[in-house]
Amino acid sequence: MTGRERREQLIGIGRKHFADKGFEGATVEEIAASAGVSKPVVYEHFGGKEGLYAVVVDREIEALLAGVTSALDAGTSSRQIVEGAALALLAYVESNSDGFRILVRDSPAGQATGSFASLMSDIASQVEHILAAQFKQHGLDPKAAPMYAQMLVGMIALVGQWWLDNRKFKKHEVAAHVVNLAWNGLTGLEPKPTLTPETLEQI
């Protein structure tokens, strides 16, 4: 196995251990044993558990941000943008459950970046610009857009955490219910919400 292959192997094994046991529960000994190597090999590649964890988290953040950004850019209407953001996060949860478990857990002490809260804040800042433009078009105060962006992203993120272990609903059904509340409000909830046909075609 080349050095690059070994590094990728350790990242994959570390990802699984961090997802199953959390940062505190996972140990270099267990990760090394699962890879069939000695502890010094892990230290050689990452400098320790913190270094391996940082690489794993950075990759997960990159994957989630890429999916959400792509969805935001693809939306042609305000509603489709909301639908796309909800679907992108849920798609990540569905295909990267281990990665999402790692992101929603607390980051190790002293690590300023890589927390789930900072990731959601990054996504909210992207949504904020889109909402501000929509607010201007509809005669609403664009200064309120950052607050609404936090609300929207926070709602989707919390539903994603719930859905991680409650898969009674399909991805598009969960997204439709999120958009139902975000778009219609409590007083206008639809009894059987669905996504727009344009969004459904992209699933």
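Residues numbered from 1 in each chain as written. Predicted model: local features only at pLDDT ≥ 70, side-chain atom pairs only at ≥ 80, totals over all residues. Heavy atoms only, no water.

Looking now at the packing of helix H7 (residues 116–137) against helix H8 (residues 145–164). Any two packed helices are characterised by how steeply their axes cross, that is the angle between the axes, and by the distance between the axes. Two elements in contact, H7 and H8, have axes whose closest approach is 7 Å; the angle formed by their N-to-C orientations is 130°. Judged on the interaxial angle alone, H8 and H7 are oblique. As H7 runs across H8, the sense of the crossing is right-handed. Between H7, through Phe116, Met120, Ser121, Ile123, Ala124, Val127, Glu128, Leu131, Ala132 and Phe135, and H8, the contact on the second element is made entirely by Ala145, Pro146, Tyr148, Ala149, Gln150, Leu152, Val153, Ala157 and Gln161. Partitioned by chemical class, the residues of the contact of H7 with H8 number 15 nonpolar, three polar and one charged. (Axes fitted to C-alpha atoms, helices over the stretch in contact; angles between N-to-C directions. Helix = DSSP H or I, 4+ residues; strand = E, 2+ residues; numbered from the N terminus. Parallel < 35°, antiparallel > 145°, perpendicular 65-115°, else oblique. Left-handed = near helix turned anticlockwise from the far one by under 90°. Contact = heavy atoms within 4.5 Å. Nonpolar A, V, L, I, M, F, W, Y, C, P; charged D, E, K, R; others polar.)

Looking now at the UniProt feature "domain: HTH tetR-type" (unreviewed entry) in the protein. On the UniProt side, "domain: HTH tetR-type" (unreviewed entry) is annotated at positions that read residues 4–64 here. The straight-line gap between the two end C-alpha atoms of residues 4–64 is 24 Å; of that span, 89% is helix and 0% is strand. (UniProt positions renumbered as here; feature names shortened; annotations may be inferred.)

Direction vectors running N to C along helix H1 (residues 3–25) and helix H3 (residues 39–46) enclose 100°, while the axes themselves pass 11 Å from each other. Taken together, the axes of H1 and H3 are roughly perpendicular relative to one another. Where H1 approaches H3, its residues Gly3, Arg6, Arg7, Leu10 and Ile11 are matched on the opposing element by Val41, Val42, His45 and Phe46. Taken together, the residues of the contact of H1 with H3 sort by class into five nonpolar, two polar and two charged.

So, about the environment of alanine 157. Looking at the secondary structure, you find alanine 157 in helix H8. Residues alanine 157 and alanine 85, spaced 72 residues apart in sequence, show a C-alpha to C-alpha distance of 10 Å. When residues no more than four places from it in sequence are discounted, the contact partners of alanine 157 are Leu89, Phe100, Phe116 and Met120.

Turning our eyes to something else, we now look at the UniProt feature "DNA-binding region" (unreviewed entry) in the protein. Following the UniProt record, one finds the feature "DNA-binding region" (unreviewed entry) at residues 27–46. Helix makes up 80% of residues 27–46 and strand 0%. Its end C-alpha atoms lie 13 Å apart.

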